[in-house]
Amino acid sequence: MFVYFSKLLPLFLYPLGFTCVLLAIALLIHWFRPRWTPIPIILALLVLLLAGNGWVSNAIVKSLEWKYLPDGQLPKADVIVLLGGSLRPISPPRSTVEVSEQGDRALFAAHLYREERAPFIIASGGRVQWRGGGPPEAADTEQFLEAIGVPASAIIQEPDSLNTYENAVNVAKILKQRKMKRVLLVTSALHMPRSLAIFRKQNIEAIPAPTDFLVTEQLLQETSSSAKAILLNFIPDVDRLERATKAIKEYIGFVIYWLRGWI
């Protein structure tokens, strides 16, 4: 049930969900205190204007993504740990395993393997049956990695975890069994601060190997490069709203995991 409620409850704190809550409050207030109705409506508008604003969205995302920027070539390790969330399972009309927006995770892990940064890749991740379903993502990841040139002998599956905490706990068991110590942790840059804290809480010597960056130096320069760019970044945009939501999700997750003692 924790997995379910950890997905459900934060929805009301994300910009879109919080806006819906404020509008629902406005409807209720309209019946009893009509003069107060504009207050939650104005707040709802401000939430969308801020979360969909280019400068605000980029700043929130950057505060997480740029925390562990790679400094030159990554060192060698015993194994690459690839966190799930990068692939979609076979499901008609989808005839093959497909990459998601976070597909850079699997591609980057394969890249590090080809660079001989580590001799093995742990593909970590199960699937929540009421959210996408299908076989464990670890199995799909192995299939995908093999298709892009990583041999099956170099892939270790961890198919049972349903969240990042379980990723770390299960990976720690694999490391102990195989007498491995140092890992290159591959996940989206936005997800890296929380993931790294969780893995280190399990006494895993994890080196951050972030990928899937949403905010780049070029993007930051473009936001104020001209009057046209300024206007476009001021007007709420669905992509910027999504990026801000992802960042807020990470901050909320960090608090929840800290309260549970996982960080």
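Computed from a predicted structure; not experimentally measured.

Engineer: How would you explain the overall build of the protein if you had to name every residue and give the values?
Structural biologist: The helix and strand inventory of the protein stands at 11 helices and 7 strands. By its C-alpha atoms, the protein is 70 × 45 × 40 Å across when sized along the principal axes. Scored against the burial criterion, the 263 residues of the protein give a buried share of 44%. Considering only intrachain contacts with a sequence separation of at least 6, the fraction spanning at least 24 residues in the protein is 71%. Per element, the accessible surface of the protein, about 14400 Å² overall, is 62% carbon and sulfur. In the protein, which carries 28 positive and 23 negative side-chain charges, the distance between the mean positions of the two groups comes to 8 Å.

Engineer: Tell me what's going on with the nonpolar core, and back it up with residues and numbers.
Structural biologist: One finds Ile80, Leu112, Ile121, Val150 and Val186 to be the most contacted residues of the largest nonpolar core, which totals 25 residues. Where this core is concerned, the elements lending two or more residues are β1 (79–83), α5 (104–114), β4 (121–124), α6 (137–147), β6 (182–188) and β7 (205–211). Per-element tally for this core: the top contributor is α5, with 6 residues. Beyond its immediate chain neighbours, meaning those up to four positions away, valine 186 contacts Ile80, Val81, Leu82, Leu83, Arg105, Phe108, Ala109, Leu112, Ala209 and Thr211. Counting 21 residues, the second-largest nonpolar core is a separate cluster that includes Ile156, Ala168, Val183 and Ile263.

Engineer: Go over unusual backbone geometry, please, and point to the residues and values.
Structural biologist: In the segment running from proline 92 into proline 93, the intervening peptide bond is cis, with an omega of 5 degrees. By the secondary structure assignment, proline 93 is in the loop between β2 (87–88) and β3 (98–99). Non-glycine residue glutamate 116 carries a positive phi angle of around 65 degrees. By the element assignment, glutamate 116 lies in the loop between α5 and β4. Positive phi values are uncommon outside glycine, yet lysine 179 reaches one of about 55 degrees. Inspection of the secondary structure puts lysine 179 in the loop between α7 (164–178) and β6.

Engineer: Before we move on, could you go through helix α2 (residues 15–32) and cite the residues and values that matter?
Structural biologist: In a regular helix each residue adds 1.5 Å, so 18 residues correspond to 26 Å; α2 covers 26 Å between its end C-alpha atoms and thus fits that length. Taken together, the buried positions of α2 are Pro15, Gly17, Thr19, Leu22 and Ala26. Contacts made by the buried residues of α2 are with α3 (38–51) and α11 (238–259).

Engineer: Pulling in residues and values, what's your account of the side chain of threonine 211?
Structural biologist: Structurally, threonine 211 can be placed in strand β7. Residue classification places threonine 211 among the buried residues on the basis of a relative accessible area of 11%. Setting aside chain neighbours within four positions, we find threonine 211 in contact with Asp104, Arg105, Phe108, Val186, Thr187, Ser188 and Ala189.

Engineer: Describe the sheet that holds strand β5 (residues 155–158), listing the residues and the values that go with them.
Structural biologist: With parallel pairing, 5 strands are arranged side by side in an open sheet as β5-β4-β1-β6-β7. Bordering the open sheet on either side are β5 and β7, each of which pairs with just one other strand. Pairs of neighbouring strands in the sheet enclose a mean axial angle of 25 degrees, with direction left out of account. Bridge count between β1 and β6: 4 bridges; the pairing is parallel. Paired with leucine 82 across the bridge in β6 is valine 186.

Procedures and definitions
- Sequence order as written defines residue numbering, which begins from 1 separately in each chain.
- In keeping with the predicted nature of the model, local features appear solely for residues at pLDDT of at least 70, side-chain atom pairs appear and are counted solely at 80 or more, and the whole-chain, interface and lining totals rest on all residues.
- Side-chain measures were taken over the full set of non-hydrogen atoms in the model, leaving aside hydrogen atoms and water.
- Helix and strand definitions follow DSSP, with helices as H or I runs of at least four residues and strands as E runs of at least two, each counted in order from the N terminus.
- Buried residues are those whose accessible area, probed at 1.4 Å on protein chains only, stays under 20% of the maximum for their type, while exposed residues exceed 50% and partly exposed ones sit between those limits.
- Throughout, a contact is declared for two residues whenever any of their heavy atoms are within 4.5 Å.
- Each accessible area is a Shrake-Rupley result for a 1.4 Å probe, and residues are judged covered by the shown protein chains and nothing else.
- We treat Lys and Arg as the positive residues and Asp and Glu as the negative residues; His and chain ends play no part in the count.
- Charge coordinates come from a single atom per side chain, which is NZ of Lys, CZ of Arg, CG of Asp or CD of Glu.
- Side-chain atoms within 4.5 Å are what join buried Ala, Val, Leu, Ile, Met, Phe, Trp, Tyr and Cys residues into a set we call a nonpolar core.
- Expected span, for any helix, means 1.5 Å times one less than how many residues it has.
- Between any two strands, at least two bridges found by DSSP are needed for them to pair.
- In this description, a line fitted to the C-alpha atoms serves as the axis of each element, helices being fitted only across the stretch in contact, and the angle between N-to-C directions of two axes falls anywhere from 0 to 180 degrees.

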